[in-house]
Amino acid sequence: MILGIDTSLGTAVAVIEPDGVVVAAADSPNSLGHAEAIGGLLEQVLAPADAITHVAVGMGPGPFTGLRVGIAAARAFALGRGIPILPVPSHDAAALGLLLGDAVAGADDTAPFAVVTDARRREFAFSVFEGTDDDGVAVRIAGPLLAPRDELDDRLAALGAARRDVTAVPAAMVALAASRALAAGRTLATSEPLYLRSPDVTLPGAPKKVTA
Amino acid sequence: MNRREPLVLGIETSCDETGIGIVRGRTLLSNTIASSMDEHARYGGVVPEVAARAHLEALQPAIEAALAEAQVGLDDLDAVAVTSGPGLAGALMVGIGAAKGLAVSLGTPLYAVNHLVGHIAADILDQDAGPLEYPTVALLVSGGHTSLLLVRDLTGDVELLGETVDDAAGEAFDKVARVLGLPYPGGPEIDRAAASGDPAAIPFPRGLSRASDMAAHRYDFSFSGLKTAVARFAEANPEMLADDAGRADIAASFREAVVDVLVTKALNACRDHGVPRLLLGGGVIANRRLREVALERAAAAGVAVRIPPFSLCTDNGAMIAALAAELIASGAEPSTLAFGADSTLPVTEIQVAVSEGSPGGARS
Ligand SMILES: [Zn+2]
């Protein structure tokens, strides 16, 4: 069984069978409060008898403070059980969820679309996808990138991608994307969080004068 | 769980040190620290986002190193402990996320504790010093805090007597170091520059020490006025700033003003409360002049001073584990999993989110 964790938007956790069957899932949509939520949600989805073999974790993009809570919890959980961690771009998981939903609805699956999430500071984060590949993994053809809010639609038009705003990343999709990649012997992301921004700091200048 | 001598792993990420400590009861098994200080040096102070990123990358290797040093396995742990505050919120949350992930993974109880009280608990691990006696006054001085506490019981009764109303003492050292053209961190640099200086050369102000301040701020500290006074003096006396001997006098006089006010207020607290014991903690305790003056004046006042080894004075995970071990030994129940980071956690909250009593200390 694979434990999935994502805190790129709200806090989401899930346990799935490798084939995608969801054993348990729980989430908190609160875009703050990840540190408060993560422990209780983990306890909620885990049963003592669960043989967790991997921890899949959403690496963002997403607001940094919350994003780190999920990655830290995932790494520590994996360390505690002595099992590997499978990093997944959070947009890839969201895209897989959208594509599976489309398939169920019988909608066209091949047109490019953009997963768009709030990146705060008047910016959006987006990634463009085009269907799934033979491994069942969403094919990312651009991103993740940042765009100012008022430029996003032009950027997406230029890429020919339909805009799909996402406000929650299902942890079961994080786990499923990781599971499918694992089965195909692939990795979807490195262990680096997808911050997309440098730490917001400026180098100090000379000390300010205190006298006129 | 072994309540008398629990094996506890402590996680501390409240500022720029990623600290993992392992204790068995009052015995220190490991004190692993990964610091991001070098990354902050170019900014002249701790940058919260830089610190938080560094914590996330340092945690797992630090936990592994601590376990190896302590020669214990994760399965041996009786409990996990973590700092829930006070400190930098984004930095604290990395440690909290890791602590919760680890505790749930292992099925061990989790203790969320107060960083400042942890500094006092560090003293318990200093086994050469003999047991900590109560009550004691504690002076905690670092880059992040300057607090004067009255400790009647480490696990049950800690009172805040006073704290800084603006900069922490360590911050004042950093800022004055910049004025003097010295690198970050300022504490050791100022200490070095002050070595040959005359501490009485310039009468810099002692913050919140006038009779009119003493009513409302008897045990509070203020260092921002002192920092401004040093900057003003340096601007008015460029020839002193340009000269090694002059700079030494400014550094020594500044340091003396900080040390004087810290020691005076701490010993006032001892006298006012009839407590003949003073415990020092926090990274600024590394300052030789502070230790010297504290020991000298305390001896004259009949106050016994305790100073834990320096590696336990700076922020570390061992002190967090030690506090949790004391809480466990005193019968405290674990924390629930619902707590978050509290950047201004009051010192009276020694442990947060204590679960309702359940027999045997099992998690509910
Ligand atoms: Zn501290």
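In what follows, the accompanying structure is described.

Cut-offs applied
Residues numbered from 1 in each chain as written. Chains lettered and ligands numbered in written order. Predicted model: local features only at pLDDT ≥ 70, side-chain atom pairs only at ≥ 80, totals over all residues. Heavy atoms only, no water. Helix = DSSP H or I, 4+ residues; strand = E, 2+ residues; numbered from the N terminus. Buried < 20%, exposed > 50% of the residue type's maximum accessible area, 1.4 Å probe, protein only. Lys, Arg positive; Asp, Glu negative; His and termini not counted. Charge placed at Lys NZ, Arg CZ, Asp CG, Glu CD. Donors = N, O, S within 2.8 Å, 3.2 Å for Na, K, Ca; no water. Tetrahedral: all angles 85-135°; square planar, octahedral: opposite > 155°, others 65-115°. Pairing = 2+ DSSP bridges. Expected span 1.5 Å × (residues − 1). Polar contact = N/O pair within 3.5 Å; in protein donor to acceptor, adjacent residues only side chain to side chain. Core = buried A, V, L, I, M, F, W, Y, C linked by side-chain atoms within 4.5 Å. Contact = heavy atoms within 4.5 Å. Buried area = accessible area lost by both parts, 1.4 Å probe. Salt bridge = Lys/Arg side-chain N within 4 Å of Asp/Glu carboxyl O. Disulfide = S-S within 2.5 Å.

Before going further, it helps to examine the overall build of chain A. The secondary structure content of chain A amounts to 5 helices and 9 strands. With the C-alpha coordinates aligned to their principal axes, the bounding extent of chain A is approximately 70 × 45 × 30 Å. Counting across all 212 residues of chain A, residues that qualify as buried make up 51%. Positive and negative side-chain charges in chain A, numbering 16 and 24 respectively, have mean positions lying 12 Å apart.

Protein-derived ligands of the zinc ion are His115(B) (NE2), His119(B) (NE2), His145(B) (NE2) and Asp315(B) (OD), with the metal-ligand distances lying across 2.1 to 2.3 Å. Coordination at the zinc ion comes from 4 donor atoms whose angles at the metal span 90 to 156°, giving a geometry best classed as irregular.

Let's shift gears to the pairing of strand E6 (residues 136-141) of chain B. All names here are of chain B. E6 sits mainly inside the fold: 6 of its 6 residues count as buried. Residues Thr136, Ala138 and Leu140 line one face of E6 and the alternating positions Val137, Leu139 and Val141 line the opposite face, and both faces are buried. For E6 and strand E7 (residues 146-153), the ladder comprises 6 bridges, and the chain directions are antiparallel. Counted as the bridge partner of Val137 is Leu150 from E7. What sits between the antiparallel neighbours E6 and E7 is a turn of 4 residues.

Next up on the list: unusual backbone geometry. Gly143(A) connects to Pro144(A) through a cis peptide bond whose omega is 0°. Structurally, Pro144(A) is set in strand E8 (residues 138-148). Between Tyr184(B) and the following residue, Pro185(B), the backbone shows a cis peptide bond with an omega angle of -5°. Structurally, Pro185(B) is set in the loop between helix H5 (169-179) and helix H6 (186-194). Here the phi dihedral of Arg120(A) falls at roughly 60°; this positive angle occurs in a residue that is not glycine. Structurally, the position occupied by Arg120(A) is in the loop between strand E6 (113-118) and strand E7 (123-132).

On to helix H13 (residues 317-329) of chain B, then. Residue and element names in this part refer to chain B. Between its first and last C-alpha atoms H13 spans 18 Å; for 13 residues at 1.5 Å apiece the expected length is 18 Å, and the two agree. N-cap assignment for H13: the residue whose side-chain oxygen lies 3.0 Å from the backbone N of Ala318 is Asn316. One or two residues past the end of H13 sits Gly331, with phi positive at roughly 95°.

For Glu171(B), the location among the structural elements is in helix H5. In sequence terms Glu171(B) and Leu67(B) are 104 residues apart; their C-alpha atoms lie 33 Å from each other.

Attention now moves to the nonpolar core. In terms of nonpolar packing, the biggest core is built from 65 residues, with Leu3(A), Ile5(A) and Leu9(B) touching the most fellow members. In this structure, Leu9(B) is in contact with Ile20(B), Gly21(B), Ile22(B), Ile63(B), Leu67(B), Leu77(B), Ala79(B), Val80(B), Ala81(B), Leu102(B) and Ala321(B), ignoring residues within four places of it in sequence. Formed by 52 residues, the second largest nonpolar core is a distinct cluster that contains Ile202(B), Tyr219(B), Met240(B) and Ile250(B).

Our next topic: the sheet that holds strand E2 (residues 17-24) of chain B. Residue and element names in this part refer to chain B. Overall, mixed pairing links the 6 strands, which are arranged E3-E2-E1-E4-E5-E11 in an open sheet. The open sheet has two free edges, formed respectively by strand E3 (27-35) and strand E11 (351-352), since each of these has just one partner strand. Across 2 bridges, the pairing between strand E5 (residues 110-114) and E11 is antiparallel. Within E11, the residue paired with Ala112 across the bridge is Val352.

Residue and element names in this part refer to chain B. Counting buried positions along strand E1 (residues 7-12) yields 6 of 6 residues, so the element is predominantly enclosed. A two-sided burial pattern is seen for E1, the buried positions comprising Leu7, Leu9 and Ile11 on one face and Val8, Gly10 and Glu12 on the other. Counting the residues that bridge the hairpin from E1 to E2 gives 4 residues. Bridge count between E1 and strand E4 (residues 79-85): 4 bridges; the pairing is parallel. Opposite Ile11, over in E4, you have Val82 as the bridge partner.

Tallying the contact residues gives 37 residues for chain A and 38 residues for chain B. Counting the surface lost from both chain A and chain B, the interface buries some 3200 Å², and carbon and sulfur atoms represent 64% of this. Our enumeration of links across chain A and chain B arrives at 2 salt bridges. Residue Arg68(A) is joined to Glu49(B) by a salt bridge in which the shortest nitrogen-to-oxygen separation is 2.9 Å.

This part is about the state of the cysteines. All names here are of chain B. In total, this model carries 0 disulfides over all chains according to the counting rule given. Free cysteine: Cys15, not disulfide-bonded; nearest cysteine sulfur from Cys313 at 16 Å. Exposure remark for Cys15: the relative accessible area of 18% places this residue in the buried category. Assessed through its relative accessible area of 2%, Cys313 is described here as buried.

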